Amino acid sequence: MQLMSLWDPNDPQLDITRLRLKYLRYLAKEIKRLGDIPVSRQLSNSSSAIRRLEEEINISERNYCKWENSVVGFVDAINDIHIRDFKESIFNVEPEFKRKLMRYIASIAVPNARKVLRLLYNDNLCIKRGEVTAVEISHARVKPWKVTWEDDERRFDAVVCAAGFENHRYSFDEAGALIPDKEVQPQGSVIDFADDLSIRNPRTNEKENIWISGSATHLKIMTSSAVFLAIPQVRLAINELKRRILCSNKDGGVDEKIAV
């Protein structure tokens, strides 16, 4: 965690090349601990998306990929530390290294990878590299959807986006209502949440009877929309909700409205 937090783009003495090398050496050392397969044989360096997918399917099916069974544990460990001792700089990893790291953290199962490969072979799927900056719809009868990247834009007949392409910050407005907004809100209004995932009111610093899960936790949780994280989050919220109701009933208190 100390190494991951060394990235500070505002530091005039930052040596990016040296920092990347530190990251890669640490990653190689950790992968080496998992088995005798050289790191170079566990990863594909092809610049072609199709070729890289072919190679990495082959690597996984030959059981050469020793890190794949450790990814979930890695994500759980970093999130467990981060949610209790939040420092925003932990997620501000050097961008190029983070891009490569997330490629493997967000990897898919081999059967799904083979389906994607077939679609690529049959020209039913193309891959566009880059970050989506806007998705808009018009009244045009043909290809009404416009998707904008940092350096390009294209039109489509339909857009399927299961998890959204941007994360929101949640805040309380002047009336006390909870609102999502991608823009940065005035300091002191953006909500924080406790390690039990209940919202902490920034004005009172007290826990509300509101719990969040999934992408709403993105400020503290790596890969926040992953199903293996969202399901335990919901279970945690349910158990905490039950505990608070039980404590309220024992104390003879009046039940409050509760939201999940």
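Above this text is the structure in question.
These lines cover the structure that appears in this document, whether it is placed above or below. (Residues numbered from 1 in each chain as written. Predicted model: local features only at pLDDT ≥ 70, side-chain atom pairs only at ≥ 80, totals over all residues. Heavy atoms only, no water.)

What about the sheet that holds strand S8 (residues 207-211)?
Now for step 1: Spatial strand order, S6-S7-S8: three strands in an open sheet with antiparallel pairing. Two strands in the sheet have a free side with no partner beyond their single neighbour: strand S6 (192-193) and S8.
Now for step 2: Two elements, S6 and strand S7 (residues 198-200), share two bridges in a ladder whose sense is antiparallel. Residue pairing across strands places aspartate 192 opposite arginine 200, the latter belonging to S7. (Pairing = 2+ DSSP bridges. Helix = DSSP H or I, 4+ residues; strand = E, 2+ residues; numbered from the N terminus.)

Some points on the side chain of serine 198
Now for step 1: Along the chain, the position of serine 198 falls in strand S7.
Now for step 2: Only 2.7 Å separates the side chain of serine 198 from the side chain of aspartate 196, close enough to count as a polar contact.
Now for step 3: Residues in contact with serine 198, not counting those within four places in the same chain, are Asp192, Phe193, Lys207, Glu208, Ile210, Trp211 and Arg244. (Polar contact = N/O pair within 3.5 Å; in protein donor to acceptor, adjacent residues only side chain to side chain. Contact = heavy atoms within 4.5 Å.)

Points about the pattern of salt bridges
Now for step 1: The full count for this structure, using the stated rule, is eight salt bridges.
Now for step 2: Note that arginine 51 is salt-bridged to glutamate 55, the shortest N-O span being 3.0 Å. Of the two residues, arginine 51 and glutamate 55 both sit in helix H2 (residues 49-61), four residues apart, roughly one turn of that helix.
Now for step 3: The exposure class of glutamate 55 is partly exposed, given its relative accessible area of 25%. (Salt bridge = Lys/Arg side-chain N within 4 Å of Asp/Glu carboxyl O. Buried < 20%, exposed > 50% of the residue type's maximum accessible area, 1.4 Å probe, protein only.)

A few points about the pairing of strand S3 (residues 153-156)
Now for step 1: In terms of strand pairing, strand S2 (residues 145-149) meets S3 through four bridges, oriented antiparallel. Opposite threonine 148, over in S3, you have glutamate 153 as the bridge partner.

As for the environment of tryptophan 67
Now for step 1: Within the secondary structure layout, tryptophan 67 lies in the loop between H2 and helix H3 (71-84).
Now for step 2: On the basis of relative accessibility, which here comes to 12%, the residue tryptophan 67 falls in the buried class.
Now for step 3: Residues tryptophan 67 and arginine 33, 34 residues apart in the sequence, show an inter-C-alpha distance of 9.5 Å.
Now for step 4: When sequence neighbours within four positions are dropped, the list of residues in contact with tryptophan 67 reads Ile31, Leu34, Gln42, Leu43 and Tyr104.

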